[in-house]
Amino acid sequence: MGSDHFVRITRLRALIDHENTGAGERATAERMLDRLLRKSVGHPAHHAAPDRVYGSRHHRAGRHASTASIVEFVREDIAFARSFARAGAPGEVTVHSPLAAAPAELTVAVTTPFADQIVVTITDIPPAWGWEPDEFDRIIATEDLRRLADELAEIIDSYNHDGADVGPRFFRTIRAQETTLIR
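I will try to describe carefully the structure that is included in this document. These figures come from a predicted structure and were not determined experimentally.

**A few points about the overall build of the chain**
The helix and strand inventory of the chain stands at 7 helices and 8 strands. When each of the 183 residues of the chain is scored for burial, the buried share is 37%. Taking the intrachain contacts of the chain between residues at least 6 apart in sequence as the baseline, contacts between residues at least 24 apart amount to 54%. For the chain, the exposed area adds up to about 11,500 Å²; of that, 55% sits on carbon and sulfur atoms.

**Some words on the packing of aromatic side chains**
Going through the model one piece at a time under the given rule, you end up with 1 aromatic pair. Seen from their ring centres, phenylalanine 73 and tyrosine 159 are 6.1 Å apart, and the 15° between their planes marks the pair as stacked. Linking phenylalanine 73 in helix 4 (residues 67-82) with tyrosine 159 in the loop between helix 7 (143-157) and strand 6 (161-162), this pair joins segments that are 86 residues apart in sequence. You can call phenylalanine 73 partly exposed: its relative accessible area is 21%.

**Description of unusual backbone geometry**
Of note in the backbone geometry, aspartate 124 takes a positive phi value of approximately 55° without being a glycine. Structurally, aspartate 124 can be placed in the loop between strand 3 (117-123) and helix 6 (127-130). Judged by its relative accessible area of 47%, aspartate 124 falls in the partly exposed class. The backbone of glutamine 177 shows a phi angle near 55°, a positive value even though the residue is not glycine. By the element assignment, glutamine 177 lies in the loop between strand 7 (171-176) and strand 8 (179-182).

**Observations regarding the pairing of strand 8**
Across 3 bridges, strand 7 lies against strand 8 in antiparallel orientation. Bridge pairing in strand 8 links alanine 176 to threonine 179.

**Details of the side chain of asparagine 160**
Structurally, asparagine 160 is set in the loop between helix 7 and strand 6. At 2.8 Å, the side chain of asparagine 160 forms a polar contact with the backbone nitrogen of arginine 169. Look past the residues within four positions of asparagine 160 in its chain and what remains in contact with it is Val53, Tyr54, Gly55, His58, Pro168, Arg169 and Phe170.

**Here we look at the sheet that holds strand 3**
Pairing is mixed in the open sheet, where 4 strands are placed in the order 2-3-7-8. Taken across any chain shown, the strands that pair with only one partner, and hence form the sheet edges, are strand 2 (107-114) and strand 8. Along the sheet, successive strands turn relative to each other by an average axial angle of 30°, direction set aside. The pairing of strand 3 with strand 7 spans 6 bridges and is parallel. From the neighbouring strand, valine 120 faces strand 7, where its bridge partner is isoleucine 174. Sheet strands in contact with helix 4 are strand 2 and strand 3, and its direction is about 170° off that of strand 2.

**Some words on the pairing of strand 2**
Side-chain positions along a regular strand alternate between the two faces of the sheet. Of the strand pairs in this sheet, strand 2 and strand 3 are connected by 6 bridges, and their pairing is antiparallel. In the strand pairing of strand 3, alanine 109 is matched with threonine 121. The antiparallel hairpin formed by strand 2 and strand 3 contains 2 residues in its connecting segment.

**Some details on helix 7**
For helix 7, with 15 residues, the first-to-last C-alpha span of 21 Å sits near the 21 Å given by 1.5 Å per residue. Inspection of helix 7 places Leu145, Leu148, Ala149, Glu151, Leu152, Ala153, Ile155 and Ile156 among the buried residues, and these make up the whole buried set.

**Re the packing of helix 4 against helix 7**
Across the interface, helix 4 lies against helix 7 with an axial gap of 10 Å and an inter-helix angle of 140°. Relative to helix 7, the element helix 4 lies oblique. Note that helix 4 runs across helix 7; the crossing there is right-handed. Two secondary-structure elements touch here, helix 4 through Val74, Asp77, Ile78 and Ala81 and helix 7 through Glu151, Leu152, Ile155 and Ile156. For the contact of helix 4 with helix 7, a count of residues per class yields 6 nonpolar, no polar and 2 charged.

Scoring rules and cut-offs
Residues numbered from 1 in each chain as written. Predicted model: local features only at pLDDT ≥ 70, side-chain atom pairs only at ≥ 80, totals over all residues. Heavy atoms only, no water. Helix = DSSP H or I, 4+ residues; strand = E, 2+ residues; numbered from the N terminus. Buried < 20%, exposed > 50% of the residue type's maximum accessible area, 1.4 Å probe, protein only. Contact = heavy atoms within 4.5 Å. Areas by Shrake-Rupley, 256 points an atom, 1.4 Å probe, with all protein chains shown as cover. Phe/Tyr/Trp six-rings, centres within 6.5 Å; stacked < 30°, edge-to-face > 60°. Pairing = 2+ DSSP bridges. Polar contact = N/O pair within 3.5 Å; in protein donor to acceptor, adjacent residues only side chain to side chain. Axes fitted to C-alpha atoms, helices over the stretch in contact; angles between N-to-C directions. Expected span 1.5 Å × (residues − 1). Parallel < 35°, antiparallel > 145°, perpendicular 65-115°, else oblique. Left-handed = near helix turned anticlockwise from the far one by under 90°. Nonpolar A, V, L, I, M, F, W, Y, C, P; charged D, E, K, R; others polar.

In structure tokens, the structure reads:
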């Protein structure tokens, strides 16, 4: 019986990870795998350990989502935030979004160079908006660019998890041209 569960778990994980599996079939396989893992002998309870931290959108991608599918969700969130409507009428609540306030010529690219890493690269940054000299005449990122990087990191982290008994789902890096702002 133990080896039968092992074979079924292995096959379900292969089906979930396969690139040609349809969304409906993948969702069904994920539900089947979750049920099978809950029934397995020695499997911990389905509730999360108290020291685990899940991002606010962790459930959106699914428990067994690949990094590539998470990148697609991150791209959608960034596109939405860039087009977020600005308040214009008096009396409206003002919502400040560094992504919406960023210059239009900015380019934000999201890639996965490795299976467990997401890299966001900001390019075409206007020099006056993104860079300034410090007291030693070194060129550093402006406060606006740092706020933009923080918001991008927050979007990515919302799909991640971490804890003492489990490592992060993936690692993230935010770069502005050739400079790493957040690791």
